[in-house]
Amino acid sequence: MSSDSSKKRKPKVIRTDGAPQESKRSRADPDQDVKYYSEEAEVELRDPNKDYELYKQTCQELQRLMAEIQDLKSKGSKDSAVAIEERRIQSCMHFMTLKKLNRLAHIRLKKGRDQTHEAKQKVDAYHLQLQNLLYEVMHLQKEITKCLEFKSKHEEIDLVSVDEFYKEAPPEISKPDITLNEPHQQTLARLDWELEQRKRLAEKYKECLANKEKILKEIEVKKEYLSSLQPRLNSIMQASLPVQEYLFMPFDQAHKQYETARHLPPPLYVLFVQANAYGQACDKKLAVAIEGSVEEAKALYKPPEDSQDDESDSDAEEEQTTKRRRPTLGVQLDDKRKEMLKRHPLSVTIDLKCKDDSVLHLIFYYLINLNVMTVKTKVTTATEMTTPISAGDLLSPGSLLNCLYPGDHGKRTPNPANQFQFDKVGILTLSDYVTDLGHPYVWVQKLGGLHFPKDQPQHTVTADNSLSASHMEMTMKLLRTRLQSRLALHKQFASLEHGIVPVSSECQHLFPSKVVSHLVKWAALPYEDYLELSYTKDVVEAGLAEDTHLYYTALVERGTAKLQAAVVLNPGYSSMPPIFNLCLNWKGEKTNSNDDNIRAMESEVNVCYKELCGPKPGYQLLTNQLQRLCVVLDVYLETESHDTSVEGPKEFPQEKMCLRLVRGPNRMKPFKYNHPQGFFSHR
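Just so you know, these numbers come straight off a predicted model, no measurement behind them.

Here's the deal with the pattern of salt bridges
Applying the stated criterion across every chain yields a total of 30 salt bridges. In this structure, the salt-bridge partner of Arg 88 is Glu 85, at a minimum N-O distance of 2.1 Å. On the criterion of helical spacing, the pair formed by Arg 88 and Glu 85 is a turn pair, its members being 3 residues apart in helix α5 (residues 80-149). Here Glu 85 falls in the partly exposed class, since its relative accessible area comes to 35%. Across the pair Glu 604 and Arg 628 runs a salt bridge, and its minimum N-O distance is 3.1 Å. Of the two residues, Glu 604 is situated in helix α23 (residues 596-606) and Arg 628 in helix α24 (residues 621-638); the sequence distance between them amounts to 24 residues. Side by side, Glu 604 and Arg 628 carry an identical accessibility label, which is buried. It is possible to trace a salt-bridge network through shared partners that takes in Glu 42, Arg 46, Asp 51, Lys 100 and Arg 108.

Re the packing of aromatic side chains
Inspection of every chain in the model, using the stated rule, returns 10 aromatic pairs. With a centroid separation of 5.3 Å and an interplanar angle of 15 degrees, the aromatic rings of Trp 522 and Tyr 552 are classed as stacked. Separated by 30 residues along the polypeptide, Trp 522 in strand β7 (residues 518-524) and Tyr 552 in strand β8 (residues 550-558) bring together distant segments of the chain. A relative accessible area of 5% places Trp 522 in the buried class. Seen from the ring of Tyr 365, Arg 343 lies directly overhead, with NZ or CZ sitting 4.0 Å from the centre.

Regarding the sheet that holds strand β5 (residues 359-367)
Reading across the sheet, the 4 strands line up as β3-β4-β5-β6 and stay open at both edges, with antiparallel pairing between neighbours. Only two strands of the sheet have a single partner each, and these edge strands are β3 (286-292) and β6 (372-380). Each adjacent strand pair in this sheet contributes to an overall mean axis angle of 20 degrees, direction not counted. Here β5 runs beside β6; their pairing, made up of 9 bridges, is antiparallel. Its bridge partner lying in β6, His 361 is registered against Lys 378.

Notes on the nonpolar core
Ranked by size, the top nonpolar core spans 48 residues in total, and within it Phe 493, Trp 522, Phe 580 and Leu 629 carry the most contacts. In terms of residues, this core owes the most to one element, α24, which gives 11 residues. With residues near it in sequence (within four places) discarded, Phe 493 still touches Pro 388, Ser 390, Ala 391, Leu 394, Trp 522, Tyr 552, Leu 569 and Leu 622.

What counts and how
- Residues numbered from 1 in each chain as written.
- Predicted model: local features only at pLDDT ≥ 70, side-chain atom pairs only at ≥ 80, totals over all residues.
- Heavy atoms only, no water.
- Salt bridge = Lys/Arg side-chain N within 4 Å of Asp/Glu carboxyl O.
- Helix = DSSP H or I, 4+ residues; strand = E, 2+ residues; numbered from the N terminus.
- Buried < 20%, exposed > 50% of the residue type's maximum accessible area, 1.4 Å probe, protein only.
- Phe/Tyr/Trp six-rings, centres within 6.5 Å; stacked < 30°, edge-to-face > 60°.
- Lys NZ or Arg CZ within 6 Å of the ring centre and 35° of its normal.
- Pairing = 2+ DSSP bridges.
- Axes fitted to C-alpha atoms, helices over the stretch in contact; angles between N-to-C directions.
- Core = buried A, V, L, I, M, F, W, Y, C linked by side-chain atoms within 4.5 Å.
- Contact = heavy atoms within 4.5 Å.

Structure follows, in structure tokens:
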């Protein structure tokens, strides 16, 4: 067995695996007996089923040889070593056979895959050709459909009927001997007849236009004659002015207004005259008018004799009438209150128009028995504005003119004598009736020339023209400024509620180009909820938070850090800056009471507000403060020292350039932004 195997191993066999035989033959030693063959070629000659049978036989032989070797080794005899060696050699030969069968199987698998890939490529090519053919068929079908659905323009023309055509058309056009049998020729003839008819109508149209031009010229001549009468009529009217003045018959609107003004009470009359004078001299966009019933105003000023006669007549009627039910005490008090709060039938309206065509309507009333004036407001804008949820109180009549002058909230009557009148009829305060009557602001009294000194009360207060004139210009400017500031806030709140902080191009240099912190929430805050916040006590104790102010809450986030801001908006914005109170929720709750850097952030927004006013009149102050708040939050988080006990990268990598990260024993951070260098420093 060993001799056979040695004879088989003598010739050296080299596999080509598809490589050219010449290269391998050149590398071999020419003295040796070398044989070359290709297994890929051999695969074509061998039968796979026979190879499978050979594989099973080889495996069985291997099992048999292994079992015999195990038996010989278990016996442990000395003569068994030679037998074991022979069987080992036979087993190696079988293993070589298995390896060759394995290589042949892999070659067959590769060829099968290649054939499958070639067949797949052919199928894909056929499928692509099929798709192209289908697309061409679809395109041809569409073209056929278009041709079948084609409509000529002559089909849209409303031609006369066939019977009318043969009756009206001349034989030269109708050609009945040809057109009756051929529909195509009939259609052409009908179109020719239509063209002939339209040419005739076009000629008639030109004749009508010529007649129209002639008539228009006649009308123009008559208009010129009538327009020449206007100067003559004006001269006649000018000559009749003395007669009009003598008969008290003014035709001009201004004369009518002044005629109506004669029935105004003194405070409203002073307001009307002074506002009219100011509008004519200084403000062309100010309009003044009088509204109300003149007849009711005349009825208020009857002679006293008539009133006494009426009272005597009413007493006589009461004595003659039968028993009547007297009104209860509550009804009597209600009647007395209505009489006490009675308004004059006439009122004065002032319309202040701004540059953006928004108008502030002011309606001034006079309370006869209380001797005070009130005002109601209304705002109209040039374009319809969507009202944000947080902007509900900005343009409301109850809060629009609050504190136009400091401390003037319009909830109490400025006349000290009214309190005694209220006690008689059971009225606690006038603030319960301001919705219907209007607000009795102090500046309203001054516009009407009324002044109620508290240190030296007077029995009768009369309207003073000089007092009204001295306050008219300043008050009108404040009113227009208040309207413009509220409209600007109204637009800004619409963006803030969507998490967008609008920054104008003029204010871009106040902030770095990249701000990571962003506004998440902006909402109105009730006054009671503001008082309950723990980090707003300093502002409340300082008297900077009143019920006439507007309160809002803002939430700024960056990563896990959340900065809550309670904002106090003074009614005099933007001359009075908003006040921010901050509370940072990151690694605990941090406020101005336990973190000096939070106090420095509040100072950066509240104290250094003049840097953020922007171009005059500074209506961008609030949004610039919110943007500055996002910037200082970035600086606070990026300059915070990294906790080495926590694995992983730093939560807030430093992106802002700072000269010094901290300074002093309090470890203060650099919140001041320097433009155009673009770095942050300490103040």
